[in-house]
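Observations on the model geometry
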Amino acid sequence: HRPCRRVAGRLFRGRRRAARDRAKREEALGQLEEATLHYLEAEAPEEAARLFALRADAALDMEKRHLLLGQAVELARGEQANQLEARRSELTLELYRSGALRLTRVELESVARRLERAGLPARAAEVYALLGDAEGQARVLVEAGAIETL
């Protein structure tokens, strides 16, 4: 059984390597959607997340940008995930304010917490103000050093 596993392992590594090579080629040609799919096939989620974020940057439609950033957040790890989550949370707030996105109170509270975790207490305070949560707003404004806003 061991020789079979070794052969299978080599085959899968070879497929992943070929998919990664295709992804790099497509990316170099500017075919970001296709490159993203190849990175996913190659089991390279960080690279796929990077391309989802690039595609979000290029998207003219805010809702499309929101969707792409959501996909990037799901695949990203570590600091990359934190940065993408912060961007997506800020965009969520903008879409909510513009009326393009409807959120429940629980969803808004989640946005506020994500903005706090992302190190954006002033933006979190805006959400707490929308919620009418004076305690949450005061807490994050103190954290932001914006006591004069209180």
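Coordinates for the structure precede this section.
Read on for an overview of the structure.

About the thresholds
- Residues numbered from 1 in each chain as written.
- Predicted model: local features only at pLDDT ≥ 70, side-chain atom pairs only at ≥ 80, totals over all residues.
- Heavy atoms only, no water.
- Core = buried A, V, L, I, M, F, W, Y, C linked by side-chain atoms within 4.5 Å.
- Buried < 20%, exposed > 50% of the residue type's maximum accessible area, 1.4 Å probe, protein only.
- Helix = DSSP H or I, 4+ residues; strand = E, 2+ residues; numbered from the N terminus.
- Contact = heavy atoms within 4.5 Å.
- Axes fitted to C-alpha atoms, helices over the stretch in contact; angles between N-to-C directions.
- Parallel < 35°, antiparallel > 145°, perpendicular 65-115°, else oblique.
- Left-handed = near helix turned anticlockwise from the far one by under 90°.
- Nonpolar A, V, L, I, M, F, W, Y, C, P; charged D, E, K, R; others polar.
- Expected span 1.5 Å × (residues − 1).
- Polar contact = N/O pair within 3.5 Å; in protein donor to acceptor, adjacent residues only side chain to side chain.
- Salt bridge = Lys/Arg side-chain N within 4 Å of Asp/Glu carboxyl O.

This part covers the nonpolar core. Ranked by size, the top nonpolar core spans 14 residues in total, and within it L68, L69, A72, A76 and L84 carry the most contacts. Residue assignment for this core shows that the elements contributing at least two residues are α3 (45-58), α4 (62-75) and α5 (78-98). Once you skip the residues sitting within four places of it in the chain, L68 turns out to touch F52, R55, A56 and A59. Counting residues in hydrophobic clusters, the runner-up holds 13 residues, among them L108, A125, L131 and V140.

Tracing the chain through its elements places R123 in helix α7 (residues 121-131). Exposure remark for R123: the relative accessible area of 18% places this residue in the buried category. Beyond its immediate stretch of four places on either side in the chain, R123 contacts E90, L93, E94 and L115.

The subject of this paragraph is the packing of α7 against helix α8 (residues 134-144). Contact geometry of α7 with α8 gives a least axis separation of 8 Å together with a crossing angle of 165 degrees. As judged from the angle between their axes, α7 and α8 are roughly antiparallel. Crossing of α7 over α8 shows left-handed handedness. In contact with P121, A122, A124, A125, Y128 and A129 of α7, α8 contributes G136, Q137, R139, V140, L141, E143 and A144. Partitioning the contact of α7 with α8 into residue classes produces nine nonpolar, two polar and two charged.

Right, let's get into α4. Taking 1.5 Å per residue, 14 residues should reach 20 Å; α4 reaches 20 Å between its end C-alpha atoms and fits that length. Along α4, the residues that are buried comprise H66, L68, L69, G70, A72 and V73. Contacts from the buried residues of α4 go to α3 and α5.

This brings us to the packing of helix α6 (residues 105-117) against α7. Two elements in contact, α6 and α7, have axes separated by 7 Å at closest approach and are oriented at 160 degrees. By the angle between their directions, the pair α6 and α7 is classed as roughly antiparallel. As for the relative orientation of α6 and α7, their crossing is left-handed in sense. Residues R105, L108, E109, V111, A112, R113, L115 and E116 of α6 form the contact with α7, whose own contacting residues are P121, R123, A124, V127, Y128 and L131. By residue class, the composition of the contact of α6 with α7 is nine nonpolar, no polar and five charged.

So, on to α7. P121, R123, A124, A125, V127, Y128 and L131 are the residues of α7 that are buried. Packed against the buried residues of α7 are α5, α6 and α8. Phi turns positive one or two residues past the end of α7, at G132, with a value near 75 degrees.

A word on the side chain of H66. Within the element layout of this structure, H66 appears in helix α4. Judged by its relative accessible area of 12%, H66 falls in the buried class. For H66, the side chain forms a polar contact with the side chain of T92, separated by 2.7 Å. Excluding anything up to four places from it in sequence, H66 contacts R88, L91, T92, L95 and L101.

Let us look at the pattern of salt bridges. Taken as a whole and assessed by the stated rule, the structure comprises twelve salt bridges. The salt bridge involving E126 is made with R97; its shortest N-O contact spans 2.9 Å. Of the two residues, E126 sits in helix α7 while R97 sits in helix α5, which places them 29 residues apart along the sequence. For R97, a relative accessible area of 44% puts it in the partly exposed group. The closest approach of N and O atoms between E116 and R139, which form a salt bridge, is 2.5 Å. Taken together, the residues span a long stretch of sequence, with E116 in helix α6 and R139 in helix α8 at a distance of 23 residues.

Read these as spatial facts, not as claims about activity.
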